[in-house]
Amino acid sequence: MNVLAHAFLAGRDAELRLGGVLGDFVHGTPDPALPARVRDGIHLHRAIDSFTDSHPEVRTARERMQPPFRRYAGILLDVWFDHLLARDFAMWSDMPLHAFSRDLRAELHAAEAILPDGLKRFLSYMDRHDLPAGYADVERVAGAFAGLSQRLSRANPVADGVPVLQSQAAELERTFANFFPDLRRFAKARIAAL
C-alpha cells in the first residue's frame, strides 16, 4: 500500500499516522528516540505491507502483470490501490478526501524535526501535487510513476504503468473491493492489540 492507505489505515491517531507514513523511509529498527506510538505506526506499516503482499487477491493481481511489468507489480499496485482509495474515498471514510489530505500534510509539517530527509523531500512533493488527494487523478498517478521510475537504480518500465493498469481496470477494481476490507479489518485488529 502507499501513503494514503497507510495514513488512512492508521485510524484517528496522529502518531500512528506519522509512523505509517514514516514506514517507507525508515529501515531496520526504528530509532528509540521516536515517540513509542510513532514506532508502533512504523511496525503497523510493515505489518500492512506483509499482509498485502501475502493476500491471495493481491498475489493474483501481481501474477496477471506481464513482463516486464511483473517485476515491478508491487510498486504499480501500491500506487494504483491508493488511486482507487482516493477516487472512492467517500465510500471508506466520513472525512472528505481533501480535508484528510490537508490534515495529513499539516501533521507531517508539524513533525518535520523528526522526519528523515527523504520524507522531507517527499512532503515537498506532496505539497506541490496535493497528495495524497491528488492520487484520485490518473495524471497524478502517471506523474508518480515517472518519479518512481527515475529513483529506481536500474532501467525499468514503471513510468509506463498507467496504461497497463487501465487495461486491467475492472479486474483491479474487483481485487481492491475484495482485498481492502480484509486489510482494514487486519489493521484495526493490529491497532487494538497495540
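Described in the following lines is the structure provided in the data block. (Residues numbered from 1 in each chain as written. Predicted model: local features only at pLDDT ≥ 70, side-chain atom pairs only at ≥ 80, totals over all residues. Heavy atoms only, no water.)

**Digging into the overall build of the protein chain**
Looking only at helices and strands, one finds 11 helices and zero strands in the protein chain. Overall, the protein chain shows an N-to-C arrangement of helices and strands of α-α-α-α-α-α-α-α-α-α-α. Radius of gyration (C-alpha) of the protein chain: 16 Å, near the 16 Å computed for a compact globule of 194 residues. Along the three orthogonal principal directions, the C-alpha set of the protein chain runs to about 45 × 35 × 35 Å. Each of the 194 residues in the protein chain was classed as buried or not, and the buried ones make up 45%. Taking the intrachain contacts of the protein chain between residues at least 6 apart in sequence as the baseline, contacts between residues at least 24 apart amount to 67%. Accessible surface for the protein chain amounts to roughly 9400 Å². Of this, 53% is attributable to carbon and sulfur atoms. Across the protein chain, the 24 positively charged side chains and the 25 negatively charged ones have centroids separated by 3 Å. (Helix = DSSP H or I, 4+ residues; strand = E, 2+ residues; numbered from the N terminus. Rg over C-alpha atoms; globule rule 2.2 N^0.38 Å. Buried < 20%, exposed > 50% of the residue type's maximum accessible area, 1.4 Å probe, protein only. Contact = heavy atoms within 4.5 Å. Areas by Shrake-Rupley, 256 points an atom, 1.4 Å probe, with all protein chains shown as cover. Lys, Arg positive; Asp, Glu negative; His and termini not counted. Charge placed at Lys NZ, Arg CZ, Asp CG, Glu CD.)

**Looking at the pattern of salt bridges**
Following the criterion strictly, the structure yields 10 salt bridges and no others. For Arg 105, the salt bridge identified is with Asp 127, shortest N-O distance 3.2 Å. One end of the pair, Arg 105, is in helix α7 (residues 97-110); the other, Asp 127, is in helix α8 (residues 117-129), and 22 residues separate them in sequence. In this structure Asp 127 comes out as partly exposed when scored by relative accessible area, which is 34%. Here the residues in one salt-bridge network are Asp 13, Arg 37 and Asp 40, joined through shared partners. (Salt bridge = Lys/Arg side-chain N within 4 Å of Asp/Glu carboxyl O.)

**What to know about the environment of Leu 183**
Looking at the secondary structure, you find Leu 183 in helix α11 (residues 169-193). When the C-alpha atoms of Leu 183 and Thr 52 are compared, they prove to be 7.1 Å apart, with 131 residues separating the residues in sequence. Ignoring sequence-local partners within four residues, the contact set of Leu 183 consists of Met 1, Leu 9, Ile 48, Phe 51 and Thr 52.

**A short note on unusual backbone geometry**
Here the residue pair Pro 67 and Pro 68 is connected by a cis peptide bond, since its omega of 5° sits within 30 degrees of zero. With omega at 5°, the peptide bond leading from Leu 131 into Pro 132 counts as cis. Mapped onto the elements of the fold, Pro 132 is located in the loop between α8 and α9 (138-151). Despite not being glycine, Asp 130 shows a phi value in the positive range, around 55°. Here Asp 130 lies in the loop between α8 and α9. For Asp 130, a relative accessible area of 24% corresponds to the partly exposed category.

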